[in-house]
Amino acid sequence: MNERLTDPLHARPDAAASPITHGGNLHDAATRYGIPYPRWLDLSTGINPHGYPVPPVPADAWRRLPDEGDGFAARAALYYGAPDAAHVLPVAGSQAAIRALPALLPRATVGIAPLTYGEYAPAFARAGHEVATLDVHADTLPATLTHVAIVNPNNPNAAHIDANTLLRWHAQLRERGGTLLVDEAFADVLAGASLAANTHRDGLIVLRSPGKFFGLAGVRAGFVLAAPAMLASLRDTLGAWTVSGPARHAVSAAFADTAWQVHMRARLVDESARLVELLRAHGFVTRGTPLFAWTDDARAAALHEALAQRGVWTRLFAPSLAVPSASVRIGLPGTEAEWTRFAQQLQEAMRAIDATPTDQRA
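Residues numbered from 1 in each chain as written. Predicted model: local features only at pLDDT ≥ 70, side-chain atom pairs only at ≥ 80, totals over all residues. Heavy atoms only, no water.

1. Comments concerning the sheet that holds strand β6 (residues 179-183)
Then step 1. The seven strands lie next to each other as β2-β8-β7-β6-β5-β3-β4, forming an open sheet whose pairing is mixed. Edge positions in the sheet fall to β2 (88-91) and β4 (130-133), since each has one partner strand and no second. Strand-to-strand twist in this sheet, taken as the mean axis angle between neighbours without regard to direction, amounts to 20°.
Then step 2. Here strand β3 (residues 109-112) runs beside strand β5 (residues 147-151); their pairing, made up of three bridges, is parallel. Among the inter-strand pairings, V110 is bridged to a residue of β5, identified as H147.
Then step 3. This element, helix α3 (residues 72-80), spans β2, β7 (204-208) and β8 (222-225) of the sheet and lies at about 110° to β2. (Pairing = 2+ DSSP bridges. Helix = DSSP H or I, 4+ residues; strand = E, 2+ residues; numbered from the N terminus. Axes fitted to C-alpha atoms, helices over the stretch in contact; angles between N-to-C directions. Contact = heavy atoms within 4.5 Å.)

In structure tokens, the structure reads:
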């Protein structure tokens, strides 16, 4: 299942008709490679394999409609460092906000990195915006850009833009009546990476998700941090009860458990170093966050294919007009048995790759 990357230079509203591939599509892999689903080792996402141990869900969480006076937004504001609860809107995963926000912004040209989370370019194109390739190394944004949507740290290549640069971008865009949208889905594992404290500023929107660091992707909860007027417009668009009672219970417990957070951050740093060393032993130069490793090595596509043939699913990003080289992202194994299996299958995959002529590799 190769990743189809939208080329931002050629994004059009009808691009929304094409499916967007995401990690975790294990049933597709099982069908393609003829390997039963239970036999796969899924390393295709950047989700923490050591998910937060959610305490039992109170019966009321199932019986009652979610109560927006339950302090959920305030707990998120405290955890993420937003100014206060008025600057936080809980949503059914940040995906819901990505789809809805472009229609709330004045139609203009939006800058999006050539290799990033694949939902942004189609979402903005669908809402009538012109999508242009963003130079992520620019200190001053081109005058043609009114909005910028950036994932920080980036998914999949882990590129990180410092807060001062992003705030300069925001100031430039705000002078044009534009908006800076920063997706911080992986920021929990990087100290000082967030702009959450600055979301009192008009024209700055920050998306946060407990799914990655807390390993709670299945609860479908996320948060939009922004000025109250923007959140009011988004609330009107999305409607009531966007986050279920059980999800609110799970995420609230995770936010409150600071001891688990401290322990997990240290554990993920150690495990990501272990993953990097396994890949470096075979000559792969990687970048990443504590939740995944990424490489655009010339053997990336061959590595993805060879591992898939052995029941190990990784995330392949195929070449596009804007990004001519293939790359692969690899998440963390969750148990010692999975680490052992990955190391063995990686060894076998590399033997197969080394035995294949270069011009015949995937």
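2. Observations regarding unusual backbone geometry
Then step 1. Of note, the bond from N152 into P153 is cis; its omega dihedral lies within 30 degrees of zero at -5°.
Then step 2. Within the element layout of this structure, P153 appears in the loop between β5 and α6 (163-175).
Then step 3. P156 follows N155 through a cis peptide bond whose omega is 25°.
Then step 4. Positionally, P156 belongs in the loop between β5 and α6.
Then step 5. Positive phi, normally seen in glycine, also occurs at R220, with a value near 50°.
Then step 6. With respect to the helices, strands and loops of the structure, R220 is situated in the loop between β7 and β8.
Then step 7. Taking relative accessible area as the criterion, R220 reaches 42% and is therefore assigned partly exposed. (Buried < 20%, exposed > 50% of the residue type's maximum accessible area, 1.4 Å probe, protein only.)

3. Some details on the pattern of salt bridges
Charged atoms that come close allow side chains of opposite charge to pair.
Then step 1. For the structure shown, the criterion picks out twelve salt bridges.
Then step 2. Measuring nitrogen to oxygen at the nearest pair gives 2.8 Å for the salt bridge that ties D70 to R248. In this pair, D70 sits in the loop between α2 (59-63) and α3 while R248 sits in helix α8 (residues 245-256), placing the two residues 178 residues apart along the sequence.
Then step 3. A salt bridge links R310 to E348; its shortest N-O distance comes to 3.7 Å. (Salt bridge = Lys/Arg side-chain N within 4 Å of Asp/Glu carboxyl O.)

4. Quick look at the sheet that holds strand β13 (residues 327-331)
Then step 1. With antiparallel pairing, the four strands of this open sheet are ordered in space as β9-β10-β13-β12. The sheet terminates laterally at β9 (287-289) and β12 (315-317), the two strands that pair on one side only. Here the strands of the sheet are splayed against their neighbours by 20° on average, with no regard to which way each runs.
Then step 2. Of the pairings in the sheet, the one linking β9 to strand β10 (residues 292-295) comprises three bridges and is antiparallel in character. Opposite R287, over in β10, you have W294 as the bridge partner.
Then step 3. Most of the contacts of helix α10 (residues 300-308) go to β13, to which it runs at about 45°, and overall it touches β10, β12 and β13.

5. A closer look at the pairing of β7
Then step 1. With five of five residues buried, β7 is to be regarded as a mostly interior element.
Then step 2. Burial of the side chains of β7 extends over both faces: L204, V206 and R208 are buried on one face and I205 and L207 on the other.
Then step 3. Bridge analysis of β6 against β7 gives four bridges, and the strand direction is parallel. Across the sheet, residue D183 finds its bridge partner in β7, namely L207.
Then step 4. Both β7 and β8 contribute to a ladder of three bridges, which runs antiparallel. If you follow V206 over to β8, its bridge partner there is L225.

6. Quick look at α8
Then step 1. Compared with the 16 Å implied by 1.5 Å per residue over twelve residues, the 17 Å span of α8 between its first and last C-alpha is a close match.
Then step 2. The buried fraction of α8 amounts to eleven of the twelve residues, a majority that puts the element mostly inside the structure.
Then step 3. Three or more residues of α8 are buried, namely G245, P246, A247, R248, H249, A250, V251, S252, A253, A254 and F255.
Then step 4. Considering only its buried residues, α8 is in contact with α2, α3, β8 and α9 (258-280).
Then step 5. One side-chain oxygen of the residue at the start of α8 lies 3.2 Å from the amide nitrogen of A247, identifying that residue as S244. (Expected span 1.5 Å × (residues − 1). Polar contact = N/O pair within 3.5 Å; in protein donor to acceptor, adjacent residues only side chain to side chain.)

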